[in-house]
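# Close look at the chain arrangement
The lines below spell out each chain.
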Amino acid sequence: MNPTLEDYQGRTAFLFGNLGPAGTGFWWEGVSPLLHPTITKFWAPQGLTITGPTALVTLGNPPSFGLCPVVSSVIYEGIDSKVIAQACLNRDAKYAEILYGQNKIKACYNEPYVQLELFQLPANADEVCCDIK
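Reading guide: rules and limits
- Residues numbered from 1 in each chain as written.
- Predicted model: local features only at pLDDT ≥ 70, side-chain atom pairs only at ≥ 80, totals over all residues.
- Heavy atoms only, no water.
- Helix = DSSP H or I, 4+ residues; strand = E, 2+ residues; numbered from the N terminus.
- Buried < 20%, exposed > 50% of the residue type's maximum accessible area, 1.4 Å probe, protein only.
- Areas by Shrake-Rupley, 256 points an atom, 1.4 Å probe, with all protein chains shown as cover.
- pLDDT = per-residue confidence, 0-100.
- Contact = heavy atoms within 4.5 Å.
- Expected span 1.5 Å × (residues − 1).
- Polar contact = N/O pair within 3.5 Å; in protein donor to acceptor, adjacent residues only side chain to side chain.
- Core = buried A, V, L, I, M, F, W, Y, C linked by side-chain atoms within 4.5 Å.

## Some remarks on the overall build of the protein
Secondary structure summary: the protein contains two helices and five strands in total. Classification of the 133 residues of the protein by burial places 40% in the buried group. For the protein, the exposed area adds up to about 8,000 Å²; of that, 57% sits on carbon and sulfur atoms.

## Considering the confidence of the model for the protein
Confidence in the prediction for the protein averages 76 pLDDT; 70% of positions are at 70 or higher. Confidence drops under a pLDDT of 50 for residues 114-125, and excluding neighbours within four residues, the segment shows 28 contacts in the predicted structure. This stretch, residues 127-133, has a pLDDT under 50; its non-local contacts, to residues over four places away or in other chains, come to nine contacts.

## A look at helix H1 (residues 81-100)
Its 20 residues place the ends of H1 28 Å apart at the C-alpha level, agreeing with the 28 Å of an ideal helix rising 1.5 Å per residue. Taken together, the buried positions of H1 are Ile84, Gln86, Ala87, Cys88, Asn90, Arg91, Ala93, Lys94, Glu97 and Ile98. A side-chain oxygen of the first residue of H1 lies 2.9 Å from the backbone nitrogen of lysine 82; this N-cap is aspartate 80. Note on H1: the residue one or two positions beyond its end, glycine 101, has a positive phi of about 90 degrees.

## Here's the deal with the side chain of serine 32
Mapping serine 32 onto the fold places it in the loop between strand E2 (25-31) and strand E3 (41-45). There is a polar contact of 2.5 Å between the side chain of serine 32 and the backbone oxygen of threonine 12. In this structure, serine 32 is in contact with Thr12, Ala13, Phe42 and Arg91, ignoring residues within four places of it in sequence.

## Concerning the nonpolar core
Formed by 14 residues in total, the largest nonpolar core has its most connected members in Leu15, Leu35, Phe42, Ile50, Val57, Leu59 and Val71. At the level of secondary structure, the elements contributing two or more residues to this core comprise strand E1 (12-22), E3 and strand E4 (55-60). Among the elements that line this core, the one with the most residues is E4, at three residues. When residues no more than four places from it in sequence are discounted, the contact partners of phenylalanine 42 are Ala13, Leu15, Phe26, Trp27, Trp28, Gly30, Val31, Ser32, Leu35, Leu59, Pro69 and Val71. Listed in part, the seven residues of the second largest apolar core include Leu56, Ile79, Ile84 and Cys88.

This is the structure:
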């Protein structure tokens, strides 16, 4: 699946680094627990104010000329780096279960180090990607 063709509308992302101005907005570096791991750049329009060094945001689809997800709103600023790391661990642990099965991985998704329940991914692979059959 090509990650640039994903539907970003309504998804969330953690922004943790302002990369500078880009056109009429700003590039941000970040991660999203529900998007492809290679998607690490997000574009925030100039009218959207993000004053903190980190933020939890909602995303929208890029315009026809862009490839990066667009930040549509700011949910919360000042996200701790531990929360961002935990969301990434949750995503990776869940994908490992989906790809290899719970019996074949040493650290299951229900292990104690996976604490954050806000970003629980579906257990059924069909819910993650319709191409898997």
